[in-house]
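# Report on the structure
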Amino acid sequence: MDHYSGSHKKDPHAHVIHQPGKRLMRAVKLKFVWNKVMGHSAKGVNANLNLVSFIDFLVVTVIFLLMSFSASGEIAVDRNVKLPKAENVEDVIDAPMVAVNGNNILVDGVPAGNTRAIEELGRLQKIDELFNMLKAKRELWKTVQPNKPFPGVCILQVDQDVPALVVKSVFQTAAFAGYPNVSFMVGKINTSK
Amino acid sequence: MGGVDVGEVGKKRATNSEINMIPFIDLLMVTIAFLLITAVWVTNSRINADAQVPGPPDPNKELTPTTPEKVLNLHISETEFGLVWKQGSTVVSELKVPKSPMEVEDGSRKIVRFPDLAKKLEAEWNQHGGHKDASDRKLDQCILHSDNKAPFKEIIGVLDALYASKREMRFPDGTAKKVPVFNMTFSVR
C-alpha cells in the first residue's frame, strides 16, 4: 500500500501497522508500470479479490472434515436391508457380518440361506448353510490366531420388517456355530433431537 | 498475496517479502477433496444380545445347590408388555404395561420407540435388580419372549427401551463406565 508513498518515514510505527487495502501487484518495481496496471490514477480496471475470507472458509471446512473423519472406514451394509434405528447403542466392532433381508441371508456378501423358506416353515430352525459358513469362519480364525481366545462375536444386519421368527432362527444358528455374542446393527438416533 | 512488510530504511535493499498463498490454497483444496471423498456420512451402531446359555453340568465337579438369580422375563404381546420377575420357576412379581408405541418419522420410514416401557423397566430394576454395585461385573438377565410374527423394528424398539437404564460399572484398571443394567437374550422353545 505504502510502497510508493513513503509514509513510514514520517510514522515510526508504519512498518508494523498498515491500513487494510490492496496488496496485489506490489511486486511491480517500476512506478510507471504500476500506474499503468492500476489504471493511471483513474479507477483501476483490475479487481482484487480478498483472499482472507476465502482462506478462512477453507480452513473451517478442513477442520470440520478432520473432526468428522473416521479412520475405521465405512462398514458395508447390504443395499436391500433397511436398518432400524435406536438410541442406546454401542460402536460397531470388527466381526463377521450376517445380512438378513426379505429374501436372503448373506454372510459377508455370500448367500447363506433363504428367509422365505423359514417363514413358510413357520417354526424355529437351524439354517444349515449359515451354520456351515459361520463354523468355517470360526475355524479359520482359530487357525490364524491359535493363541488368542475366540471372541464369538457376530453382527446381524437385519431388515426392519423381517419377522421375529427369522431373527430368532439366525440368532440361534449363530449361537450353535460358536458365536454366542450376537449384536444387531442399527442406525443411531441423535440424542439432540 | 499475503505479505510481510518489515519497513524500508534509507537506501538499503528492501526487506519486504511476499508469501505466495497459492500453494497454501492448493493444499487446503486437496485436503478438502480427500476428506470429502473418504468421509463416512452414515454411521451405524450396534445393540448387544447374548446367546450364552449354561451348558450341561460338568460330571467331574460336585454340584452345590445355589439359589437361582432373579431373571426378568419380558413378554411382548399385541396389546401389552408383561414384565415377570422369576427366581427359578417361582414368579416373584408380575406387571403389565400397555403397549403405547411412539412412532417417530424418519424420512420415508417410522422408528418405533417405547418410552413408557423404558421408565417401567428402570423402576422394576430399581425394585428387583440384583446387580447394582459398581464393582459387580455381572448384569441382570432379561429373557425376551416375542411373537414369531413381530417385526424386527418392534424388537429393536423394546431392546432400546431395555438398554435405556444404565448403571456405573468399575473395571479392574480403575476406570468406571456407564453400562446397561440388563443383558438380553431370546426365549427359544
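On a predicted model such as this, the values are computed, not experimentally measured, just so you know. Once a new chain begins, its residue numbering starts again from 1 and follows that chain's sequence as written. Naming scheme: in the order in which they are written, chains are lettered from A and ligands are numbered from 1. Local features in a predicted model are, by the rule used here, given only for residues with pLDDT of at least 70; side-chain atom pairs are given and counted only at 80 or more, and totals for whole chains, interfaces and linings are based on all residues.

With that settled, consider the overall build of chain B. A run of DSSP states H or I qualifies as a helix once it reaches four residues; a run of E qualifies as a strand once it reaches two. Both are numbered from the N-terminal end. When helices and strands are counted, chain B shows three helices and twelve strands. For every residue, the other C-beta atoms within 10 Å of its own C-beta are counted; 20 or more classify it as buried, 12 or fewer as exposed, and values in between as partly exposed. C-beta atoms are placed from the backbone. Expressed as a percentage of the 189 residues in chain B, the buried residues total 23%.

So, on to the overall build of chain A. When you go through chain A residue by residue, the secondary structure sums to five helices and seven strands. Once C-beta atoms have been placed from the backbone, residue pairs whose C-beta atoms lie within 7 Å are recorded as contacts. Of all intrachain contacts in chain A linking residues separated by at least 6 positions in sequence, the fraction that spans at least 24 positions is 63%.

Another point: the sheet that holds strand E4 (residues 70–76) of chain B. All names here are of chain B. Two strands pair if DSSP finds at least two bridges between them. Here five strands make up an open sheet; going across it, the order is E6-E5-E4-E9-E12 and the pairing mixed. Both outer strands of the open sheet, strand E6 (90–98) and strand E12 (182–186), are each paired with one neighbouring strand and no more. Across the sheet, the mean angle separating the axes of adjacent strands is 25° when strand polarity is ignored. Alignment of strand E5 (residues 80–87) against E6, held across eight bridges, turns out to be antiparallel. The residue bridging Val84 from the neighbouring strand is Glu94, located in E6. For every element, the axis is a line fit to its C-alpha atoms; helices are fit only across the contacting stretch, and the angle between N-to-C directions ranges from 0 to 180 degrees.

Turning next to the packing of helix H2 (residues 51–67) of chain A against helix H1 (residues 22–38) of chain B. Put simply, H2(A) and H1(B) touch, their axes get as near as 9 Å, and they point 30° apart. Like other packed secondary-structure pairs, H2(A) and H1(B) cross with a definite hand, here left-handed. For the pair H2(A) and H1(B), the contacting residues are A:Ile55, A:Leu58, A:Val59, A:Thr61, A:Val62, A:Leu65 and A:Leu66 in the first and B:Ile25, B:Leu28, B:Thr31, B:Ile32, B:Leu35 and B:Leu36 in the second. Here the residues of the contact of H2(A) with H1(B) are counted per class, giving eleven nonpolar, two polar and no charged. A clockwise turn of the near helix away from the far one marks a right-handed crossing, whereas an anticlockwise turn of less than a right angle marks a left-handed crossing. Amino acids outside the nonpolar list (Ala, Val, Leu, Ile, Met, Phe, Trp, Tyr, Cys, Pro) and the charged list (Asp, Glu, Lys, Arg) are all regarded as polar, and Gly is one of them.

Residue and element names in this part refer to chain A. With two bridges connecting them, strand E1 (residues 85–86) and strand E7 (residues 181–188) associate as parallel partners. If you follow Lys85 over to E7, its bridge partner there is Gly187. The pairing of strand E6 (residues 153–158) with E7 spans four bridges and is classified as parallel. Bridging from a neighbouring strand, Cys154 pairs with Val182 of E7.

So far we have only geometry, and geometry alone does not tell us how the molecule works.
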